[in-house]
Amino acid sequence: GAPDSVKLGGGTSRHFNVYFLYDKPFKSNQHYSLAFGGGIGTSNIFFDDHTVVDLKSNAATLPFRHLDSTASHFSKVKVGQITLEAPVELRYYSNPENPSKSWKLAAGMKVGLLLKAYTKSKNYVDRYGSSIYGKTYVEKQIDKRFFNTTDISLTARAGYGMYSLHVDYLTNGVLRDGYGAAMNKISIGLVISGL
């Protein structure tokens, strides 16, 4: 969720994760296995084009400002995070002898270490939507001060063959306690996996 004064743009956020996991089947029952490993996760939250997210602020909490329609502003604004992650999953295969023709279920968790937090704002426009510096103009701010540097997420996947749907829920907030509004992430997406 987002604070009442923040307007998310585009209706969705985007994430992309890449993991390398070692799958260790249980000797007592080959339908089950434990998988663990590591990888990189990215998360991008898009905001309404009149929103300013000021990571370089000296304020005690992360300021989100919504500009009125007469102000010059960036037409695209996002907050991005890059995280080093260590997932662990308990997996079930309906056909362990042939995983590419198997129904698969997985539940687990992942711990993440925040490597980078940033804002990226594009195309500074006037009140009429005309570009001031050109459509390729970009402003970036990089600062982790307001963000939790350790993430703990619960994960679940279900699918057939190499395709699965996944759900991740961040149990601790995006922002550090006391550094801004309480915001948690839930992500739903498609997984392409060799297992």
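Residues numbered from 1 in each chain as written. Predicted model: local features only at pLDDT ≥ 70, side-chain atom pairs only at ≥ 80, totals over all residues. Heavy atoms only, no water.

S.K.: With reference to specific residues and values, describe the pattern of salt bridges.
M.R.: Close approach of charged atoms lets side chains of opposite charge pair. Enumeration according to the criterion identifies five salt bridges in this entry. E89 is the salt-bridge partner of R91, the closest N and O atoms lying 2.8 Å from each other. The exposure class of E89 is buried, given its relative accessible area of 8%. For D168, the salt bridge goes to K110, with nearest N and O atoms at 2.7 Å. Of this pair, D168 sits in strand β9 (residues 163–170) while K110 sits in strand β6 (residues 103–125), and the two are 58 residues apart along the sequence. Note on K110: relative accessible area 6%, which makes it buried. (Salt bridge = Lys/Arg side-chain N within 4 Å of Asp/Glu carboxyl O. Buried < 20%, exposed > 50% of the residue type's maximum accessible area, 1.4 Å probe, protein only. Helix = DSSP H or I, 4+ residues; strand = E, 2+ residues; numbered from the N terminus.)

S.K.: Tell me about the pairing of strand β8 (residues 150–160), and name the residues and values.
M.R.: In β8, alternate side chains face the same way, and those of D151, S153, T155, R157 and G159 are buried while those of T150, I152, L154, A156, A158 and Y160 on the opposite face are not. Sheet topology note: the β6/β8 ladder contains eleven bridges and is antiparallel. By the bridge assignment, A107 is partnered in β8 with A156. By the bridge criterion, eight bridges tie β8 to β9 in an arrangement that is antiparallel. (Pairing = 2+ DSSP bridges.)

S.K.: Let's hear about the environment of L114: which residues, and what values?
M.R.: Inspection of the secondary structure puts L114 in strand β6. Not counting residues up to four positions away in its chain, the partners in contact with L114 are Q81, I82, T83, K144, F147, N148 and T149. (Contact = heavy atoms within 4.5 Å.)

S.K.: Break down the nonpolar core for me, with residues and values.
M.R.: Ranked by internal contacts, the top residues of the largest apolar core, which has 17 residues, are F47, V53, L62, F64, F147, V174 and L175. Counting only elements with at least two residues in this core, the list comes to β2 (32–47), β5 (73–93) and β6. With three residues, the single largest contributor to this core is β5. (Core = buried A, V, L, I, M, F, W, Y, C linked by side-chain atoms within 4.5 Å.)

S.K.: Tell me about the side chain of K78, residues and numbers included.
M.R.: Counting through the fold element by element, K78 comes out in strand β5. Buried within the structure, K78 lacks any salt-bridge partner; its nearest side chain of opposite charge belongs to E139, at an N-O separation of 14 Å. In contact with K78, not counting residues within four places along its chain, are N44, I45, F46, Y118, T119 and K120. (Lys, Arg positive; Asp, Glu negative; His and termini not counted.)

S.K.: Which residues make up unusual backbone geometry, and what values go with them?
M.R.: The backbone of N123 shows a phi angle near 55°, a positive value even though the residue is not glycine. Tracing the backbone through its elements, the reader meets N123 in strand β6.

S.K.: Let's hear about the environment of S69: which residues, and what values?
M.R.: In this structure, S69 sits in the loop between β4 (64–66) and β5. Among the residues examined, S69 registers a relative accessible area of 53% and is labelled exposed. Taking C-alpha positions, S69 is 56 Å from K24, a pair spaced 45 residues apart along the chain. Sequence-distant contacts of S69, defined by excluding residues within four places in its chain, comprise H50 and R127.

S.K.: Describe the packing of aromatic side chains, listing the residues and the values that go with them.
M.R.: Here the structure, examined in full by the defined rule, presents nine aromatic pairs. Three or more aromatic residues joined by ring pairs make a cluster, and in this case those are F74, Y124, Y133 and Y137. Stacked on the ring of Y118, the Lys or Arg K116 has its end atom at 5.3 Å from the ring centre. Positioned over the ring face of Y179 is R176, at 4.2 Å from the centre of the ring. (Phe/Tyr/Trp six-rings, centres within 6.5 Å; stacked < 30°, edge-to-face > 60°. Lys NZ or Arg CZ within 6 Å of the ring centre and 35° of its normal.)

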